[in-house]
2 protein chains.
Amino acid sequence: MNETIGFIGLGSLGLPLAKNLLDAGYPLVVHNRTASKAEPLIAQGARLASRPDEAVTAGGIVVTILWDDASVESIVMSDSFLEKLGKGGIHISMSTISPDTSKKLAAVHAEHGSTLVEAPIFGVPEAAAARQLSIPMAGPQQAKDRVRPVLEAMGGLNIFDFGEKAGAANQVKLVGNFMITSAVYTIREALSMVEKSGGDPKPVMDMLTQTLFNAPIYKRYGQMAAENMDHLFTQSHIPLKDVGIFKQASQQAGAPAPLSNLLYDLLSSEHKQA
Amino acid sequence: MNETIGFIGLGSLGLPLAKNLLDAGYPLVVHNRTASKAEPLIAQGARLASRPDEAVTAGGIVVTILWDDASVESIVMSDSFLEKLGKGGIHISMSTISPDTSKKLAAVHAEHGSTLVEAPIFGVPEAAAARQLSIPMAGPQQAKDRVRPVLEAMGGLNIFDFGEKAGAANQVKLVGNFMITSAVYTIREALSMVEKSGGDPKPVMDMLTQTLFNAPIYKRYGQMAAENMDHLFTQSHIPLKDVGIFKQASQQAGAPAPLSNLLYDLLSSEHKQA
């Protein structure tokens, strides 16, 4: 029988992931700040935890998928989360957070005999429902071996192992989100030129996304933009904070970051935060 | 029997295109500023034209694939190019030039009873040799129907028709080259962050180009960058002038162009011109 999974965070991605686990036969204990979000899962047999640490089983697996570094830290560091998880326990951290925060979390887990596995998710909610998520993963090998079937049950189709170093999988997620943001703004600038010159953006994007740029990101956002440029921005969903963490990580490493600096400023001024 | 084609411009792309035409059984009259470049074609049966207008047959098809707007204009406007081409003649313009220059050329052709077909090429020289080129095409329908088999014989695998409006195909080419430049700089910035943080760029690019960014452009330049960041720039081949024309076209149309402005400045300062 599958082991019980603790699941904390039932946002737009967390909810379909948790549902996939239930569908795959994993007993769930779920927690969300707004408890009503858990209702469809409860109806399907999940148990509700009124506090985050109530979702934790000693030596078990607990998942967090939350908004930012601060929300993950506040849950891991407070209450009896780490004490309850204890020796042999695994925390699967799926939020997009900074590599530095991951390193810090990995260190406090080690002090309690538990393990952090980073597994941030690439994929929109529809991809979660379709079980077609790409997941970079990092952490101690034994823990990764234990969580891999759980990630697959969540909808992970392409799971890539980035070794044991804390921060490595979050780094990949930041790189991906920076690249998506850059692609979205590039598409917008390209199609604006066409549109304002009196051309039709749709056949232009059709050609490019059938040839040089025939990748999911360009197909998705290129088509969106060709239909409605404003819609592109309300639907692109890359949070300002992710580009902010990328830019900060570049700065810390001494890497030049002209594009992410510009994209951060453009996002700040144009994109309403979710 | 195939009609004789005039072919002007035997640079790194022109040469393999002309060779493909010869291989497909088209008699060729070729011209290049540096005549020695024509030697392999002459050896294969092409005839050498010592001046551009000697490559022109009355009512025939003549191809130009040259460096920039000025070089195309100087050939079309000077000597007896237009007079010799005359009624029923077609000029296939394959250089990356501005939509405005294309409109100007289309107009002077019309005055002489000849026709301009724009067919700028997406594809590196290896893609030309492999006959896997993507070609946006624009011009009067009858002329496009006549040149389509010639473009296919040159190596055109994906030929997209952008209607009859002069400038339309060149606009697509500019959009594509801007998007490629943006992708190349995005890849560099992404992998610099990873590398300078002590990570390994290769598995990061491997994951992204197998999932969200599994398009030819990202595979080609992502792999190049992961192997050698400097190599990426000597090999990326997007000329500064192309980003310059894109940026200028945006400005003329009143479209905001924050990324192409930045990329132009980065290219100006970092990229040696071919």
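In the block above lies the structure referred to throughout.
Note that this is a predicted model, so its numbers are computed, not measured.

Undergrad: Just checking my understanding: could you explain the side chain of A:Asn177 for this structure?
TA: Residue and element names in this part refer to chain A. Within the secondary structure layout, Asn177 lies in helix H8 (residues 168–196). Asn177 sits in the buried class, given a relative accessible area of 5%. Those residues within four positions of Asn177 in sequence are excluded, and the remaining contacts are Thr96, Phe122, Ile238 and Asp242.

Undergrad: Is there a simple way to think about the pattern of salt bridges in this case?
TA: Opposite charge on two side chains makes pairing possible when the charged atoms of those side chains draw close. Residue and element names in this part refer to chain A. Applying the stated criterion to the full structure yields 18 salt bridges over all chains. Note that Arg146 is salt-bridged to Glu3, the shortest N-O span being 3.0 Å. Of this pair, Arg146 sits in helix H7 (residues 141–154) while Glu3 sits in the segment before strand E1 (5–8), and the two are 143 residues apart along the sequence. In this structure, Lys19 engages Asp23 in a salt bridge whose closest nitrogen and oxygen atoms are separated by 3.1 Å. Separated by four residues within a single helix, Lys19 and Asp23 lie in helix H1 (residues 14–23), roughly one turn from each other.

Undergrad: Looking at this structure, I do not really get the packing of aromatic side chains. What am I missing?
TA: To describe a pair of aromatic rings, you give the distance between the ring centres and the angle between the ring planes. Residues and elements named next belong to chain B. Counted by the stated rule, this structure contains six aromatic pairs over all chains. Ring geometry for Phe178 versus Phe246: centroids 4.2 Å apart, planes at 15 degrees, classification stacked. Of this pair, Phe178 sits in helix H8 (residues 168–196) while Phe246 sits in helix H12 (residues 240–253), and the two are 68 residues apart along the sequence. A relative accessible area of 1% means that Phe178 is categorised as buried.

Undergrad: What is the right way to look at the relation of the copies chain A and chain B in this model?
TA: For these two chain copies, the linking operation is a rotation about an axis paired with a shift along it. Mapping chain A onto chain B calls for a rotation angle of 180 degrees and an axial translation of 0.0 Å; the resulting RMSD is 0.0 Å. What we have between these two chains is a two-fold relation. Measuring from the rotation axis to each C-alpha of chain A, the shortest distance belongs to A:Ala215, at 2.4 Å.

Undergrad: Would you take a moment to explain H8(A) for this structure?
TA: Spacing of three or four residues puts side chains on the same side of an α-helix, whose turn is 3.6 residues. All names here are of chain A. With 29 residues, H8 ought to run about 42 Å at 1.5 Å a step, and its terminal C-alpha atoms sit 42 Å apart, in line with that. Most of H8 sits inside the fold, with 26 of its 29 residues counted as buried. Gly198 sits one or two positions beyond H8 and adopts a positive phi of about 90 degrees.

Undergrad: Just to check I follow, could you spell out the packing of helix H3 (residues 69–77) of chain B against helix H5 (residues 99–111) of chain B for this structure?
TA: Geometrically, a packed helix pair is captured by the angle between its two axes and the distance between the axes. Residues and elements named next belong to chain B. One can describe the packing of H3 onto H5 by two numbers: an axis separation of 11 Å at closest approach and a directional angle of 5 degrees. Relative to H5, H3 is oriented roughly parallel. Along the contact surface, H3 presents Asp69, Val72, Glu73, Val76 and Met77, while H5 presents Thr101, Lys104, Leu105, Val108 and His109. A class-by-class count of the residues in the contact of H3 with H5 yields five nonpolar, two polar and three charged.

Conventions we followed
- Residues numbered from 1 in each chain as written.
- Chains lettered and ligands numbered in written order.
- Predicted model: local features only at pLDDT ≥ 70, side-chain atom pairs only at ≥ 80, totals over all residues.
- Heavy atoms only, no water.
- Helix = DSSP H or I, 4+ residues; strand = E, 2+ residues; numbered from the N terminus.
- Buried < 20%, exposed > 50% of the residue type's maximum accessible area, 1.4 Å probe, protein only.
- Contact = heavy atoms within 4.5 Å.
- Salt bridge = Lys/Arg side-chain N within 4 Å of Asp/Glu carboxyl O.
- Phe/Tyr/Trp six-rings, centres within 6.5 Å; stacked < 30°, edge-to-face > 60°.
- Least-squares fit on C-alpha atoms with pLDDT ≥ 70 in both.
- Expected span 1.5 Å × (residues − 1).
- Axes fitted to C-alpha atoms, helices over the stretch in contact; angles between N-to-C directions.
- Parallel < 35°, antiparallel > 145°, perpendicular 65-115°, else oblique.
- Nonpolar A, V, L, I, M, F, W, Y, C, P; charged D, E, K, R; others polar.

Fair warning: the whole summary comes from geometry, so function is off the table for now.
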